[in-house]
Amino acid sequence: MAGTRLETKYLGSSETPELQLSRAQGSFVFDTAGRKYIDFVMGWCVGNFGWGNPEIVRAVQRFAGPDYAYPEWSYAPWGELARLLASIAPGKLTKSFRATGGSEAVELALQAALVHTGRRAFVALEGSYHGNTLGTLSIADSENRKKYENLLPFCHKIDTPLDEKALDKIETRLKRRDVAAFIMEPVSMNLGVLIPDALFMTQLQKLCRRYGTLLVMDEVACGFGRTGKIFASEHFDIEPDIMCLGKAIGGGVLGLGAMITTEAVGQSLEEDGSLWSTFGWHPRSVDVAIATVRYVTRHQKKLFDNVARMSDYFRARLSQMEYENPASINILGLAIGVDFDDEDYANKVAARCRRKGLVVAPQDTGILLIPALNIEYEVAEKALDIFEDSI
Ligand SMILES: Cc1ncc(COP(=O)(O)O)c(C=O)c1O
């Protein structure tokens, strides 16, 4: 593979590429040798609506706006996208800020929390991931944080499981009233599809309110339908102060991020924050994001009926399979984690799946299955047959 040789020589990467991509369509990707794979990675929550989704791609083809919009000028579709995001976001989240992707959206959230509360500390889940900038790395997983610990010095971690004990620990930390924000993915794709129970989330929000800490929900990966609702936060009785969006907001076609917050927090950020983003909400990306939000709202019922039906099917099939290693299955909508508690075995299963025409996402000691939300039954059935054959 000439491309791979060039990449090895000239392109920095921590992974050996699993396949060299030539094209993608619907629930399938094709490599340069012409081999077709069922895609259960979907760009890791980027292509939620299927690759080459006609309604979304049409927005790119019809785009007639300017090549670029200078951040300090006005550009009408920015207002339209912000209005649409406010119309689908939970609670009082009405004010959007422009970003190029997920990490920048989370950075904006951290900045907003600092300037709004005047505090300096953060609390996050141990082992979590919120992006690849120094700020986002330093609030997340402790292993990464060791390398960056001087940057955001007051980051505290809560171990899973998310139970009474975790709530006690959170309260002890928030009581000091120096925590600007508690940040987590409402359903954590990065922790093997960790689904907190509803009571934990309600109590967490209560604690945050009681001690003046902002509640930040990172929906970069789990947002835009992955869990069977537009936002995973909607599964819980909570009203986050901030949500971070990215990945699938660009319809699997272009990159974009957004931080959406309340009027009050937004005002603090406008007054004291640093908001410049040269390519944040690039005109073409904005058109695609508008088309994506319209696609989700227009097809909401059909899309989520499919997610619910497929979710039941995946749950039934996965729980009946005979695994070489005992597996625990976490599933909400089409966010699916199968944990074997064994990294080597997980990698082996992923490699076997790939050889048989299915790509999946190994993660630590397990595997994530991330199908398109509009996947057809026959494709899911074939993929699960391959998975069953590979375990
Ligand atoms: C939960 C979460 N937040 C933030 C990010 C960072 O997004 P990006 O890679 O677009 O900067 C990721 C990326 O995987 C993520 O999973």
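Predicted, not measured: the structure shown is a model, and the values here were computed from it.

Caption draft 1: Summary view of the packing of helix 3 (residues 54-62) against helix 11 (residues 283-298). The N-to-C vectors of helix 3 and helix 11 enclose an angle of 155 degrees; their axes lie 9 Å apart at closest approach. Put simply, helix 3 runs roughly antiparallel to helix 11. Crossing hand, helix 3 versus helix 11: right-handed. Note on element contacts: helix 11 touches helix 3 through D287, V288, A291, T292, Y295 and R298, opposite E55, I56, A59 and V60. Its residues assigned to classes, the contact of helix 3 with helix 11 shows six nonpolar, one polar and three charged.

Caption draft 2: Focus on the state of the cysteines. Using the criterion set out here, one finds zero disulfides in the structure. Cysteine C208 is unpaired, with the sulfur of C244 as its nearest cysteine sulfur at 14 Å.

Caption draft 3: Broad picture of a nonpolar patch on the surface. Taken together, Y68, Y70, W73, W276 and F279 make up a surface patch of nonpolar side chains, about 600 Å² in accessible area. With respect to the helices and strands, Y70 occurs in the loop between helix 3 and helix 4 (76-88).

Caption draft 4: Broad picture of helix 11. In this model, helix 11 (16 residues) spans 22 Å end to end at C-alpha, consistent with the 22 Å of a helix rising 1.5 Å per residue. For helix 11, the complete set of buried residues consists of P283, S285, V286, V288, A289, I290, A291, T292, V293, Y295 and V296.

Caption draft 5: Broad picture of the pattern of salt bridges. Tallied over the full model, the rule gives 14 salt bridges. Among the ionic pairs, K95 bridges to E263, the shortest N-O distance being 4.0 Å. One end of the pair, K95, is in strand 4 (residues 95-99); the other, E263, is in helix 10 (residues 263-272), with 168 residues separating them in the sequence. The exposure class of E263 is partly exposed, given its relative accessible area of 46%. Residues joined by salt bridges that share partners form a network here, namely E80, R83 and R294.

Caption draft 6: Spotlight on the packing of aromatic side chains. Summed over the entire model, instances satisfying the criterion amount to 11 aromatic pairs. When the ring of Y313 is compared with that of Y377, the centres are 4.9 Å apart and the planes differ by 50 degrees; the resulting orientation is tilted. Placement of the pair is Y313 in helix 12 (residues 300-320) and Y377 in helix 14 (residues 377-390), with a sequence separation of 64 residues. Members of the aromatic cluster, each reached through a chain of ring pairs, are F40, Y313, F314 and Y377. Over the face of the ring belonging to F28 we find K36, whose NZ or CZ atom lies 4.2 Å from the ring centre.

What counts, and at which threshold
- Residues numbered from 1 in each chain as written.
- Predicted model: local features only at pLDDT ≥ 70, side-chain atom pairs only at ≥ 80, totals over all residues.
- Heavy atoms only, no water.
- Axes fitted to C-alpha atoms, helices over the stretch in contact; angles between N-to-C directions.
- Helix = DSSP H or I, 4+ residues; strand = E, 2+ residues; numbered from the N terminus.
- Parallel < 35°, antiparallel > 145°, perpendicular 65-115°, else oblique.
- Left-handed = near helix turned anticlockwise from the far one by under 90°.
- Contact = heavy atoms within 4.5 Å.
- Nonpolar A, V, L, I, M, F, W, Y, C, P; charged D, E, K, R; others polar.
- Disulfide = S-S within 2.5 Å.
- Patch = residues over 30% accessible without salt bridge, like charges linked within 9 Å, V, L, I, M, F, W, Y side chains within 5 Å.
- Areas by Shrake-Rupley, 256 points an atom, 1.4 Å probe, with all protein chains shown as cover.
- Salt bridge = Lys/Arg side-chain N within 4 Å of Asp/Glu carboxyl O.
- Expected span 1.5 Å × (residues − 1).
- Buried < 20%, exposed > 50% of the residue type's maximum accessible area, 1.4 Å probe, protein only.
- Phe/Tyr/Trp six-rings, centres within 6.5 Å; stacked < 30°, edge-to-face > 60°.
- Lys NZ or Arg CZ within 6 Å of the ring centre and 35° of its normal.

Everything listed is a geometric property; what it means functionally is a separate question.
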